[in-house]
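Each chain, written out:
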Amino acid sequence: MVERKPAGMGFESWIDRQIREATERGEFDNLDGAGKPIPGEGTPVDENWWLHGYLKREGVSGDALLPPALLLRRDIERIDESVRDADSETQVRAAVGELNRRIVEWLRMPVGPAVPIRPVDADEVVARWRRDRAAAQTATGPVRADSSAGGPAETRTRWWHRLRSGRRS
């Protein structure tokens, strides 16, 4: 048990003596976090530290906290990235259609801040997808032409030609 402060000693010297004696007894040896920096020391004060800690512990993205309008705006800006790996024009149009469905749903009953958004033009996204795909084709070699890509007929291989030549892609 810790003894009380003697009457004749100054406050800091008594504390220093308590710390010194505890150190000599080895009470500070092998503590958890020994040799590690104090958590939060040297970082700016964040009033939402508990929220950031919870999201990090649970492995959840902070996007779940954004209002629907801002999520839609972000998805509109990233539509080209999200369809980049699509194999066909049909998949690109399906992704744009799903995004437009969510946009129209929000426009009918807006929730959150008033953010100006409008449905995405699927033809523009498909044109950019084709352009990016053609650029990737010239950089890395030929990419399998898709029958739904809508390009010139001579660049596409018809299904009966693939069967006749033994290719099944």
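This structure is a prediction, so every number in the text was calculated from the model and none was measured. Residue positions within a chain follow its written sequence, with the count starting from 1. The predicted nature of this model means local features are confined to residues of pLDDT at least 70 and side-chain atom pairs, given and counted, to a pLDDT of 80 or more, with totals for whole chains, interfaces and linings taken over all residues. Computation of side-chain values: all heavy atoms of the structure, hydrogens and water removed.

**Q** Describe in detail the overall build of the protein, supporting the description with residues and values.
**A** Secondary structure counts use DSSP, requiring at least four H or I residues in a row for a helix and at least two E residues in a row for a strand, with both numbered from the N terminus. For the protein, the count of helices and strands is 7 helices and 0 strands. Written out in order from the N terminus, the α and β elements of the protein read α-α-α-α-α-α-α. Only protein chains enter the calculation, and the probe is 1.4 Å; a residue is then buried if its accessible area is under 20% of its type maximum, exposed if over 50%, and partly exposed in between. The proportion of buried residues among the 169 residues of the protein is 18%. Every residue pair with non-hydrogen atoms within 4.5 Å of one another is taken to be in contact. At a minimum sequence separation of 6, the contacts of the protein that also span at least 24 residues come to 51%. Using a 1.4 Å probe, accessible areas were evaluated by the Shrake-Rupley method; residue-level cover was limited to the displayed protein chains. Accessible surface for the protein amounts to roughly 13,400 Å². Of this, 55% is attributable to carbon and sulfur atoms.

**Q** Talk me through the packing of helix 3 (residues 68-77) against helix 5 (residues 89-108); I want residue IDs and the actual numbers.
**A** Lines fitted to C-alpha atoms define the axes, with helix axes restricted to the stretch in contact, and inter-axis angles between N-to-C directions lie between 0 and 180 degrees. Running from N to C, helix 3 and helix 5 cross one another at 150°; their axes reach a closest spacing of 11 Å. The angle between the axes of helix 3 and helix 5 places the two elements in the roughly antiparallel class. At the point where helix 3 passes helix 5, the crossing takes the left-handed sense. In this structure, helix 3 contributes Pro68, Ala69, Leu72, Asp75 and Ile76 to the contact, and helix 5 contributes Leu99, Arg102, Ile103 and Trp106. We call Asp, Glu, Lys and Arg charged. Ala, Val, Leu, Ile, Met, Phe, Trp, Tyr, Cys and Pro are nonpolar, and the rest, Gly among them, are polar. For the contact of helix 3 with helix 5, the residue count by class is 7 nonpolar, no polar and 2 charged. Should an angle fall under 35 degrees it is taken as roughly parallel, and over 145 as roughly antiparallel, whereas 65 to 115 is taken as roughly perpendicular and any remaining angle as oblique. Note: crossing handedness is left-handed where the near helix turns anticlockwise from the far helix by less than a right angle, and right-handed where it turns clockwise.

The values are spatial; any link to function lies outside them.
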